Amino acid sequence: MFEHISGPIHFLTSRTFDSNITFLDCGDKQVLIDTGTGVNAEHLEKSLGRLDSSMASITDVILTHSHIDHIGGVAILLEEASPKLHLHKAEADMINKGDMSLTLSDTFSARLPPLKIEGVLEEGEVVQFGDLSLRVYNTPGHSIGSICLEILNTGIMITGDTMFPGGSFGRVDFPTGSPQQLVESLRRLSEISFEIALPGHMNAIRHGAQRSAIASYEMARGWFKV
Ligand SMILES: [Zn+2]
Ligand SMILES: [Zn+2]
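Cut-offs used in this document
Residues numbered from 1 in each chain as written. Chains lettered and ligands numbered in written order. Predicted model: local features only at pLDDT ≥ 70, side-chain atom pairs only at ≥ 80, totals over all residues. Helix = DSSP H or I, 4+ residues; strand = E, 2+ residues; numbered from the N terminus. Rg over C-alpha atoms; globule rule 2.2 N^0.38 Å. Buried ≥ 20, exposed ≤ 12 C-beta atoms within 10 Å, placed from the backbone. Contact = placed C-beta atoms within 7 Å. Arc of directions from axis to C-beta. Pairing = 2+ DSSP bridges. Axes fitted to C-alpha atoms, helices over the stretch in contact; angles between N-to-C directions. Expected span 1.5 Å × (residues − 1). Right-handed = clockwise from strand over helix to strand, strands pointing away.

> I'd like to hear about the overall build of the protein chain, residue by residue, with values.
When helices and strands are tallied, the protein chain shows six helices and twelve strands. By the compact-globule yardstick of 17 Å for 226 residues, the protein chain fits well, its C-alpha radius of gyration being 16 Å. With the principal axes as the frame, the protein chain shows a C-alpha extent of 45 × 35 × 30 Å. Counting across all 226 residues of the protein chain, residues that qualify as buried make up 47%. Sequence-distant contacts in the protein chain: of pairs separated by 6 or more residues, those separated by 24 or more amount to 63%.

This is the structure we're talking about:
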């Protein structure tokens, strides 16, 4: 089930290959950030139901990047509703041209319908949902269009597969991955002030998340020797 983070912000921690899922309950706007693989859609539907929402009510989906463990659930959502999809330009442009290679869906034998990304995100852009403003940071390294999202005035950063708890960080061996870019992205992240981090996998960091980002940066720099 979703755990309550703050205000309209809820977080579903995955215990499987699925990504974690953040839910923003902004009245007219019902927003998911990442969607899991879709394999556990029934659990997602039940979890949303506990918050008086549902898959059919979702108006917007932001993807921290397009890997299948984050984007797969979109296929199920599209059977129930027509949410606006948001993704960084570097990956959105490929998907809008019908190139699904970055999703890794073939590698994992997952089926995805052709997708239209209407919300093409760019570095520095601020996206508004109800009272929440989300600032987009393009943090390549895990993949070229990976983003982190700062929920302004809340101290919360959604870190996708760029930064994880305990000084860990995303892998760089998938297509468009880059150790140099990951270290640079973690350096940027470590210079932003935030208290809570909601990562793409593993648990939420409830306190001292910026210190955790600094630890991830230092670990990655040592690991990749860049
Ligand atoms: Zn992931
Ligand atoms: Zn990923």
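> Describe helix H3 (residues 73–80), and please don't skip the residues or the numbers.
Taken residue by residue, H3 has Gly-73, Val-74 and Leu-77 as its buried positions. Along the long axis of H3, the arc covered by the buried residues comes to 95°, so they all point the same way. Looking at the packing, one finds that the buried side of H3 touches helix H1 (41–50), strand E5 (60–62), helix H2 (68–71) and strand E6 (84–88).

> Lay out the sheet that holds strand E7 (residues 119–121) with the relevant residues and their values.
The strand order across the open sheet formed by seven strands is E1-E2-E3-E4-E5-E6-E7, and the pairing between neighbours is mixed. A strand with exactly one partner marks an edge of an open sheet, and here the two such strands are strand E1 (3–6) and E7. On average, adjacent strands in this sheet sit at an angle of 20° to one another, irrespective of strand direction. In terms of strand pairing, E1 meets strand E2 (residues 9–12) through three bridges, oriented antiparallel. Pairing of Glu-3 across the sheet is with Phe-11, part of E2.

> I'd like a rundown of helix H6 (residues 209–224), residues and numbers included.
Between the first and last C-alpha of H6 there are 22 Å, a value that for 16 residues agrees with the 22 Å anticipated at 1.5 Å per step. For H6, the full list of buried residues reads Ala-209, Ser-212, Ala-213, Ser-216, Tyr-217 and Ala-220. For H6, the arc enclosing every buried residue in end-on projection is 145°, short of the 170-degree limit, so these residues lie on one face. Lining the buried residues of H6 we find strand E11 (156–160), helix H5 (179–190) and strand E12 (196–199). Phi turns positive, to about 55°, at Lys-225, one or two residues after H6.

> Lay out the pairing of strand E10 (residues 147–151) with the relevant residues and their values.
The buried fraction of E10 is high, at five of five residues. Note that strand E9 (residues 132–138) and E10 share five bridges and pair antiparallel. Bridge assignment links Val-136 to a residue of E10, and that residue is Leu-149. The pairing of E10 with E11 spans three bridges and is antiparallel. Note that in E11 the partner of Leu-149 across the bridge is Ile-158. Where E10 hands over to E11, the hairpin turn is made up of four residues, of which Asn-153 adopts a positive phi near 65°.

> Please set out the environment of Ile-158 residue by residue, giving values where relevant.
Considering the arrangement of structural elements, one finds Ile-158 in strand E11. Judged by the 26 C-beta atoms lying within 10 Å of it, Ile-158 falls in the buried class. Sequence separation between Ile-158 and Gly-177 is 19 residues, and the spatial gap between their C-alpha atoms is 19 Å. Non-local contacts of Ile-158, meaning those with residues more than four positions away in its chain, are made with Thr-22, Ile-33, Thr-64, Cys-148, Leu-149 and Leu-198.

> An account of the pairing of E12 is requested, with residue identities and associated values reported.
Where burial is concerned, the two faces of E12 agree: the one with Ile-196 and Leu-198 and the one with Ala-197 and Pro-199 are both buried. Bridge count for E11 against E12 is four bridges, and the pairing is parallel. Opposite Ile-158, over in E12, you have Leu-198 as the bridge partner. Handedness of the β-α-β unit built from E11, H5 and E12 comes out right-handed.

Geometric values such as these leave the question of function open.
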